[in-house]
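Structure assessment
Here's the letter readout for the chains.
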Amino acid sequence: MNHLTSETFDKNAKAALADVQLRGALRNATSLFGKRRLEAARSLNNWEDLRTAARAIKDDVLLHLDSYLETFEANAKQRGAVVHWAADAAEANAIICKLARDHDARTIVKSKSMTTEETHLNDALEAEGMQVVETDLGEYIIQLAHETPSHIIAPAIHKTKGQVAQLFTETLGMPPTDDIAQLTSTARATLRDRFASADVGISGVNFGIAETGTIVIVENEGNIRLTTSVPRMHIAVMGIEKVLPRFADLDIFLKLLPRSGTGQRLTTYQSFITGTKRNASDEGPDELHIVIMDNGRSRMLAHPVTRQSLACIRCGACLNACPVYQQIGGHAYGSVYPGPIGAVITPQLIGIEKAAQLPYASSLCGACREVCPVKIDIPRLLLHLRADVAASPKGNAAERLIFKLWARVMLSPSLYKMGTMAARVMQRVMPLSRAWTNGRDLRPVERQSFRDWWKHE
Amino acid sequence: MGAICVRLSDRVFETGGSMSSRETILKSIRSHLAASPPDDPSESVSSVIPISVADEPVALFKQNLEAVNGHCVVVESEEEIVQQVTRISGKIAISDAPGLNRLFGAQPVENIFDYDVGISTAQAAIAETGTLVLDSARERHRLVSLVPPVHIAIVDASSIFHTLGEALAFIYQNGNISPAVTFITGPSRTADIELTLAIGVHGPQELFVIVNKGPSLSN
């Protein structure tokens with residue numbers, strides 16, 4: 001099990017930097033994703049308009065989130081879905097456990113859902129004695145390896161094909177090979193039975209449409225279609241921020257999400273699920289349960305800067321663009337959501353005390369802001385959170401004192417003059433802290449101050 | 001650390017009495033929004049200018065489908081449809097589309113996991129992405145188009161829309177939408193291992209689309 005936490009981020013990052021194999025895998029993956037995203041964005045001549053429109057829609061949704069959620073619930077219920085509300089992770093797990101228990105579930109198939117990673121749903125279900133199988137290939141790999149995902153879109157991106165092959169040989173008895181097509185068909189064959197015999201399918205939700213009560217889920221592998229079509233019960237877990245107002249809004253978001261995530265125009269499958277089947281003899285589950293979860297999201301609505309955190313559509317583009325993520329990968333963040341978006345939502349979801357280092361996991365280069373399909377200003381959010389950290393008990397008291405003194409000096413011309421004269425002397429005698437100079441070059445203080453020069457010109 | 005599955009003894013299902021989670025969440029949303037300072041106004045965009053598509057839809061559809069490893073043939077008659085289908089061997093499961101039953105006979109599908117080939121029609125398609133639109137209310141093809149390793153889909157040329165937006169308007173019109181609609185763009189795929197493309201994961205490994213320029217099968 002992955003034991004890294006956000007509290008030891010600095011240490012985690014140093015360890016990740018020393019992992020040559022990981023860095024190679026990350027370099028290949030993130031540069032390929034980045035290249036494909038760019039090509040896909042350029043293939044549309046209205047990409048910037050799409051981003052602006054998407055952000056405007058999200059801003060509207062978040063400002064009226066309560067009423068859009070109520071409309072979504074009403075429409076979903078009208079079409080036969082049962083809608084549950086979970087204030088936090090424990091409650092979401094309790095709701096789902098109870099549904100599975102009441103339904104006598106033995107085998108549960110799951111498709112990739114970061115929201116269920118967030119709640120550690122699999123642990124909860126297994127504690128009840130139920131077997132949960134992850135069906136997305138990347139998630140299946142890390143489930144077998146007892147690890148956590150290291151990327152929002154490609155959970156096993158940190159593993160080489162050799163590592164996957166060894167894993168499959170050890171856990172599935174597969175004959176040794178590292179041919180990727182073979183590995184994939186091994187996974188397909190092994191999971192087929194599970195799909196056929198599963199009692200319950202659990203999925204996430206990419207978008208919930210208020211106007212119709214539809215849940216929309218996108219994928220490439222087909223495991224989501226199987227998870228949501230074959231078992232008799234489908235449970236879909238949706239964060240409160242996933243709701244969109246109108247069905248037609250999908251024209252914008254279905255253009256932005258696949259291109260930003262993987263560089264595809266469309267992923268192989270989109271499932272638009274609205275309630276339950278009309279006739280008992282039709283194909284599909286008998287029951288649809290939608291679990292709407294808060295778990296700390298509603299707090300982010302309290303300020304415009306933090307509210308935009310909830311605009312995120314979980315595409316992963318910011319991870320691929322981030323020079324920090326590119327070097328250290330997802331596990332070092334010690335959180336369910338890594339990368340730039342993880343650095344801003346993790347402190348807000350789990351508390352600044354538990355993730356105080358994450359807002360500093362950035363050079364503020366802004367690459368994430370450039371690629372974000374919904375124009376989240378992540379650097380601004382990072383600065384906002386840094387201010388919170390500095391003001392909190394986790395902040396550095398010495399740093400607070402130094403900045404107080406600095407402010408006094410800068411506000412007073414005479415103190416400033418004395419300060420620069422002192423600096424001219426001190427720079428020869430006392431070097432600056434290595435923590436400062438290790439990553440920075442500093443020019444020596446000028447021999448004549450500007451004010452002196454000005455006076456004598 | 002693991003999550004605990006709390007046995008809340010039906011508290012989550014209470015509607016009366018102490019505040020439900022639904023009310024807790026809605027109240028939290030409202031109070032945090034009310035406490036928020038005002039935001040800068042959003043950038044406005046009146047509407048997103050749609051991209052005009054000049055190319056003929058059938059050719060564009062074929063080009064885009066083949067770019068994602070799908071196979072596409074264009075036919076002009078029912079005979080050609082039958083010809084194309086009989087080229088593919090294996091145990092065949094057919095959806096309940098009336099035209100298909102006429103051409104290939106109606107056999108009840110027993111265990112869908114036992115079949116090699118699934119045949120269905122598609123209610124529409126999208127040229128700009130090479131996508132099929134399957135509406136489960138109009139045809140029983142949800143599993144036939146998913147479980148067997150080969151999927152053959154027949155779509156009328158006249159049902160091919162240029163854009164995604166048009167297809168979305170087609171599946172949701174007059175306030176109606178089917179319980180399950182699926183968009184299919186090529187065979188199933190993954191790049192989860194070393195970002196190397198592998199075709200054929202859980203969904204079909206091969207997708208054959210027959211674009212029918214002749215009279216529609218559903219007539």
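Residue indices follow the written sequence of each chain, beginning from 1 at its first position. Chain letters start at A and ligand numbers start at 1, both assigned in the order the entries are written. Side-chain atom pairs in this predicted model are given and counted only at pLDDT of 80 or more, local residue features only at pLDDT of at least 70, and totals for whole chains, interfaces and linings cover all residues. Just so you know, side-chain values use all the structure's heavy atoms and leave hydrogens and water out.

Below, the discussion takes up the environment of Tyr325 of chain A. Residue and element names in this part refer to chain A. Inspection of the secondary structure puts Tyr325 in helix 15 (residues 323-328). Think of it in three bands: residues with accessible area under 20% of the maximum for their type are buried, residues over 50% are exposed, and the middle band is partly exposed, with areas taken using a 1.4 Å probe on protein chains only. A relative accessible area of 0% means that Tyr325 is categorised as buried. With 298 residues separating them in the primary sequence, Tyr325 and Arg27 have C-alpha atoms 9.7 Å apart. Contact between two residues is taken to exist if any of their heavy atoms lie within 4.5 Å; hydrogens are not considered. Look past the residues within four positions of Tyr325 in its chain and what remains in contact with it is Leu26, Thr30, Ser150, His151, Ile157, Leu319, Gly330, Tyr333, Pro338 and Gly339. Looking at Tyr325, its side chain comes within polar contact range of the main-chain oxygen of Ser150, at 2.6 Å. Numbered from the N terminus, helices here are DSSP runs of H or I no shorter than four residues, and strands are runs of E no shorter than two. Contacts described as polar in this section are N or O atom pairs within 3.5 Å, which, within protein, must combine one atom able to donate a hydrogen with one able to accept it, while residues neighboring in sequence count only if both atoms come from side chains.

Moving on, we get to the pattern of salt bridges. For salt bridges, the criterion is a side-chain nitrogen of Lys or Arg within 4 Å of an Asp or Glu carboxyl oxygen. Taken as a whole, this structure holds 23 salt bridges over all chains when the rule is applied. Among the salt bridges present, the one from Arg55 of chain A reaches Asp59 of chain A, with a minimum N-O distance of 2.9 Å. Of this pair, Arg55 of chain A and Asp59 of chain A both sit in helix 3 (residues 47-63), four residues apart, roughly one helical turn. Exposure remark for Asp59 of chain A: the relative accessible area of 14% places this residue in the buried category. Lys62 of chain B is the salt-bridge partner of Glu66 of chain B, the closest N and O atoms lying 2.9 Å from each other. Of the two residues, Glu66 of chain B and Lys62 of chain B are both situated in helix 2 (residues 57-67); the distance of four residues between them amounts to about one turn of the helix. Three or more residues joined by partner-sharing salt bridges are found here, namely Glu118, Glu241, Arg297 and Arg314 of chain A.

Residue and element names in this part refer to chain A. Here the term cavity refers to a set of points on a 1 Å grid, laid over the protein atoms alone, in which a 1.4 Å probe fits but cannot get out; the term pocket refers to an open set having protein on both sides within 12 Å along at least five of seven lines, with lining residues being those that place an atom within 4 Å of a point. Grid points are joined across faces, edges and corners, and a volume is the space filled by probe spheres set on the points. For the structure on display, the rule yields six cavities of 30 Å³ or more. Its boundaries defined by the atoms lining it, the largest cavity holds a volume of some 130 Å³. What lines the largest cavity is a set of 17 residues, and nearest its centre among them are Cys322, Pro340, Ala361, Ser362 and Cys368. Contributing elements (two or more residues each) for the lining of the largest cavity: helix 15, helix 16 (339-350), helix 17 (367-371) and helix 18 (378-391). Counting residues per element, the lining of the largest cavity draws most heavily on helix 16, which supplies three residues. A per-class count over the lining of the largest cavity returns 13 nonpolar, four polar and no charged. In this structure, the second largest cavity occupies an estimated 100 Å³ of space. Taken together, 14 residues form the lining of the second largest cavity, with Cys312, Cys315, Cys318, Cys372 and Pro373 sitting closest to its centre. Three classes are used, and their members are as follows: Ala, Val, Leu, Ile, Met, Phe, Trp, Tyr, Cys and Pro are nonpolar, Asp, Glu, Lys and Arg are charged, and the others, Gly among them, are polar. Looking at side-chain class alone, the lining of the second largest cavity contains 12 nonpolar, one polar and one charged residues.

Listed as interface residues are 78 residues of chain B and, on the opposing side, 108 residues of chain A. In this assembly, chain B packs against chain A so that about 7800 Å² is buried in total across both faces, 62% of it on carbon and sulfur atoms. The largest per-residue losses of area from chain B upon contact with chain A belong to Ile193, Leu195 and His202 of chain B, which jointly make up 10% of the total buried on that side. As a salt-bridge pair, Glu73 of chain A and Arg22 of chain B come within 2.7 Å of each other at their nearest N and O atoms. Between chain B and chain A we count 34 residue pairs in polar contact (both at pLDDT 80 or more) in total. If you list the elements that add at least two residues to the side of chain B that touches chain A, you get helix 1 (21-35), helix 5 (164-171), strand 8 (180-184) and strand 9 (189-190) of chain B. The leading source of residues in the side of chain B that touches chain A is helix 1 of chain B, at 10 residues. Two parts lose some accessible area (1.4 Å probe) when they are put together, and adding that loss for both gives the buried area.

Any functional reading would require information that these geometric values do not contain.
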